[in-house]
Amino acid sequence: MSSTRSLFRRAALGTVAVAAALVLAACGSEDSGSGSDSGPGSKASAGADVTAGAHNDQDVSFAQGMIPHHRQAVEMARMAAEQSSSAEVKDLASRIEKAQDPEIETMSGWLESWGEDVPSGAPGMDHSGHGGSAGMSGMMDQGDMDRLMKASGADFDTMFLTMMVEHHEGAVEMAATEKDKGQYAAAKKVAGEIITAQNAEIKEMNKLLGKG
């Protein structure tokens, strides 16, 4: 009789142990789930909050205008590596490219996060793929770009510097409008950086042209 009770007791204890194990496993699963929610999920949410910060139509116009504007400057800068005869011009062109390429990526990211069109890859083309340089401050037309492409040596240097001064002045004007009328903090910050950097480069280029 005692052996029978002992068997029942062991069976009951076994059942309790199994139940306890199942409860612990369930708790562990819930804990790990909540942990993942507070990990990558929260980071994604925080990232979304940052990229979806308050912005207005001016911020969109600034990014959609400055991207092709920068792309043309980068295209002009890349010509200098082969066509310039001046170490100073080549150095300046390299700095322009290194500064503006990352800004193109940054502004493209803003537009994507806002659900807006990113301008096409062709300089001077708007987001629909049509010519968008007309009326854009400081942009060269295709004739200007063709002449620069065919130039070399000192002629290239003079043409490049003259065109890039005008190009930078246009960018500074666009950036000033963004600082005045934009809402998105990151865009206004980039606009301020463009104004500072490109005004300094305008002075440098005018000096190389013998005007400063």
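Right above here is the structure, for reference.
Residues numbered from 1 in each chain as written. Predicted model: local features only at pLDDT ≥ 70, side-chain atom pairs only at ≥ 80, totals over all residues. Heavy atoms only, no water.

> In this structure, what is going on with the packing of aromatic side chains? I would like to understand it.
Working definition: an aromatic ring pair is given by the centre-to-centre distance plus the angle between the planes. This model, assessed by the stated rule, comprises four aromatic pairs. For the ring pair F156 and F160, a centre distance of 5.6 Å and an interplane angle of 20° mean the geometry is stacked. Here F156 pairs with F160, and both are found in helix α5 (residues 153-181), just four residues apart, close to one helical turn. Overall, F156 belongs to the buried group, its relative accessible area being 0%. Taking the relative accessible area as the measure of exposure, F160 reaches 0% and is therefore buried. An aromatic cluster is built from W110, W114 and Y184, whose rings are joined through pairwise contacts. (Phe/Tyr/Trp six-rings, centres within 6.5 Å; stacked < 30°, edge-to-face > 60°. Helix = DSSP H or I, 4+ residues; strand = E, 2+ residues; numbered from the N terminus. Buried < 20%, exposed > 50% of the residue type's maximum accessible area, 1.4 Å probe, protein only.)

> Looking at this structure, how should I read the environment of N56?
For N56, the position within the fold is in the loop between α1 (2-51) and α2 (57-83). N56 gets classed as partly exposed once you look at its relative accessible area, which sits at 22%. Counting along the chain gives 127 residues from N56 to Q183, while the straight-line C-alpha distance between them is 5.8 Å. Those residues in contact with N56, other than ones at most four positions away along the chain, are K181, G182 and Q183. At 3.0 Å, the side chain of N56 forms a polar contact with the backbone oxygen of K181. (Contact = heavy atoms within 4.5 Å. Polar contact = N/O pair within 3.5 Å; in protein donor to acceptor, adjacent residues only side chain to side chain.)

> It is not clear to me how the packing of α2 against helix α3 (residues 87-114) should be interpreted in this structure. Could you clarify?
For any two helices packed against each other, the geometry is given by the interaxial angle and the distance between the axes. As a packed pair, α2 and α3 sit with axes 8 Å apart at the nearest point and diverge in direction by 150°. Relative to α3, α2 is oriented roughly antiparallel. The hand of the α2/α3 crossing is left-handed. Among the residues forming the contact of α2 with α3, the class breakdown is 18 nonpolar, four polar and seven charged. (Axes fitted to C-alpha atoms, helices over the stretch in contact; angles between N-to-C directions. Parallel < 35°, antiparallel > 145°, perpendicular 65-115°, else oblique. Left-handed = near helix turned anticlockwise from the far one by under 90°. Nonpolar A, V, L, I, M, F, W, Y, C, P; charged D, E, K, R; others polar.)

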